[in-house]
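# Observations on chain architecture
Take a look at the letters that make up each chain.
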Amino acid sequence: MRRLLPLCLALLAPWSGAQAPPAAPPVREPGLSAGVRRVVDGLPPGVRAGVLVRDLTTGRVLESRNADQPFIPASNRKLIVAASALLDRGGAGGWWSTELTVPAREVGRARVSHLTLRGSADPTLSIADGPNSLRALARQVHGRGVREVGAVLLDESTLDASTWDGLLLGVPMTPVRLAEWHNNTPTSAAEARERVGAALVAELRRAGVRVRSEGMGTARPFLPYRPPSRTDERGQALPPDPVVPLNRRPEQGVATVRSGSPRSFLYAMLRPSDNLRSEELLATLAVRPAGNGALAGALARERAALRRLGVDLTHIRLADGSGLSRENRVTPRALVGLLRAVHDLPYPTAGALRAESPGQTYRARRNLFVEALPQAGTGAYLPGYAGRGGTLAGRLVGSGLDVRAKTGTLPGVSALSGYVTGRSGHTLAFSLLMNGPENTFNRALRAAQDEIVRAVAAAY
């Protein structure tokens, strides 16, 4: 369950409908140009808009309105999950791992009392597909000479699934997940344990390992060994005996697998705006020992990641990973700050950092975060918004603009945040957040966002 060291960083009251939260202190910025102001002023009644556009080459703010006010972000919330997970995984080379362990005293034996499955909530682990699978684990166990297992146990101490109860998505988050669950998710942590157990037992037997019990039990929590006090013949205290008895040593690994880079998972999450994958990604931030096992801890680690990136956390409230909750609050300034930071991060290629500027990385399409975003105007609708265009495939078609951005939609909520190349050739980071009554036609809000993007790209 080890992760790679993070790569060097370049930058270190609920309301709903048309109600507006208290205004933040004003920031002296240029306001809106005439073209953008016309679009914003023409929004449907009751819709409040936040706009911020920044030139990433010069650092200059180009357009600004309500940039420091909190908005419901809908799926723009996923941008924070993705960036936080990238930092946690150490960039493009990061990975998650899963392992099987046996009691230390039984290492090297053909018959063991139990195998314990320990996971980092890897959302890409499969049953039998490739090297990151239960099948690969089972084959390693057989290769280590294990021929008989009394029981299969699951270590559930790394993640508190109950802390995800009550989220709108309604899917349990567990320390071991299977990619095959994506279209047929367990309804409870108990069902998840049962299904993982059945799959692992089947793979062990397939590999030639006899398993005497069916199903999967729960491993006991690990209790650190505390050596008894010692004294010499005079009664003076002696240092503790450094030798830990064999039956009190931590279990030893007999099989380990790890995921590939999170790149493909981010593509599958951000482009189609996949809610389940976003919650799964957030859950990886909670896993002990780096996290505290709970949803609240994962959300706290996200805030810590935003601080590391220099993002303004004023008015930020995070409630889930998918953006389905209307309790989430984000400001345009925070999102543009995040977009600027991840644009400027160095991304490793072939084990080394490229000697190129962030702008070069962006234009050459080597920025991992940016390339995971939907791309406007591809016109290629595929089932489930698959493909490079994702949720932006049908927008800005024929505009000739290079727009890579994240959409967000809830009743009365529409958001678009990302990047567009202006006529200057500079990359512009933007965030357009719109909140209104729940009966507002989102189609009108999306059309206004597209018009703003066109106007900004043409002006700058």
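Here's what I pulled together on the structure shown here. Values in this document were obtained by computation on a predicted structure and should not be read as measured data.

The helix and strand inventory of the protein stands at 11 helices and 15 strands. Per-residue burial over the protein gives 52% buried out of 460 residues. As displayed, the protein offers around 19800 Å² of accessible surface, 52% of which is attributable to carbon and sulfur atoms.

Here we come to the packing of helix α2 (residues 77-89) against helix α5 (residues 263-270). Relative orientation of the contacting elements α2 and α5 amounts to 175°, with a least axis distance of 11 Å. Compared by their axis directions, α2 and α5 come out roughly antiparallel. Counting all contacts with α2, which are made through Lys78, Ala82 and Leu86, the residues of α5 involved are Leu266, Met269 and Leu270. Looking at the contact of α2 with α5 residue by residue, the classes come out as 5 nonpolar, no polar and 1 charged.

Now for the packing of helix α1 (residues 34-41) against helix α11 (residues 442-459). Running from amino to carboxyl end, α1 crosses α11 at an angle of 175°, the nearest separation of the two axes being 9 Å. The orientation of α1 with respect to α11, classified from their angle, is roughly antiparallel. From α1, Val36, Arg38, Val39 and Val40 reach across to α11, where they touch Ala448, Glu451, Ile452, Ala455 and Val456.

Counting through the fold element by element, Glu302 comes out in helix α7 (residues 295-308). Glu302 gets classed as buried once you look at its relative accessible area, which sits at 0%. The contacts of Glu302, once residues within four sequence positions are left out, are Arg77, Ile80, Val81, Ser84, Leu282, Leu285 and Leu318.

Once that is clear, we can look at α11. Given a rise of 1.5 Å per residue, 18 residues ought to cover 26 Å, and the 26 Å separating the end C-alpha atoms of α11 matches this to within 8%. Listing the buried residues of α11 in full gives Asn442, Leu445, Ala448, Gln449, Asp450, Ile452, Val453, Val456 and Ala457.

Residue placement: Thr98 occurs in strand β3 (residues 97-102). Of the residues examined, Thr98 reaches a relative accessible area of 2% and is grouped as buried. When neighbours within four sequence positions are excluded, Thr98 is seen to be in contact with Leu117, Arg118, Gly119, Asp122, Leu125, Leu137, Ala255, Thr256 and Val257.

This brings us to the environment of Asn275. Within the secondary structure, Asn275 sits in helix α6 (residues 275-284). You can call Asn275 partly exposed: its relative accessible area is 23%. Taking the C-alpha atoms as reference points, Asn275 and Ser322, 47 residues apart in sequence, are found 4.8 Å from one another. Ignoring anything within four residues of it in the chain, the contact list for Asn275 reads Ser75, Lys78, Leu169, Ser322 and Leu324. Of the polar contacts made by the side chain of Asn275, one reaches the side chain of Lys78; its length is 2.8 Å.

Procedures and definitions
- For every chain, the first residue of its written sequence is number 1, and the numbers climb from 1 along that sequence.
- It should be noted that, the model being predicted, local features are given only for residues of pLDDT at least 70 and side-chain atom pairs only at 80 or more, the latter also being counted only at that level, while totals for whole chains, interfaces and linings use all residues.
- As a rule here, side-chain values cover all heavy atoms of the structure and leave hydrogens and water aside.
- Helix and strand assignments follow DSSP, with helices taken as H or I runs no shorter than four residues and strands as E runs no shorter than two, numbered in order from the N terminus.
- The buried label applies to any residue whose accessible area, calculated with a 1.4 Å probe on protein chains only, is under 20% of its type's maximum; exposed applies above 50%, and partly exposed to all values in between.
- We get accessible surface area from the Shrake-Rupley algorithm with a probe of 1.4 Å; when it comes to residues, only the shown protein chains can shield them.
- Helix axes are fitted to C-alpha atoms over the stretch in contact, other axes to C-alpha atoms as well, and angles between N-to-C directions run from 0 to 180 degrees.
- Just so you know how the angles are binned, under 35 degrees is roughly parallel, over 145 roughly antiparallel, 65 to 115 roughly perpendicular, and the rest oblique.
- Should any heavy atoms of two residues lie within 4.5 Å, those residues are counted as being in contact.
- Three categories are distinguished: nonpolar for Ala, Val, Leu, Ile, Met, Phe, Trp, Tyr, Cys and Pro, charged for Asp, Glu, Lys and Arg, and polar for the others, with Gly belonging to the last.
- To estimate the expected span of a helix, count its residues, drop one, and scale the result by 1.5 Å.
- Polar contact criterion, stated in full: a pair of N or O atoms within 3.5 Å, where within protein one must be able to donate a hydrogen and the other to accept it, and residues adjacent in sequence count only if both atoms are side-chain atoms.

By themselves, these are just geometric observations and shouldn't be taken as functional.
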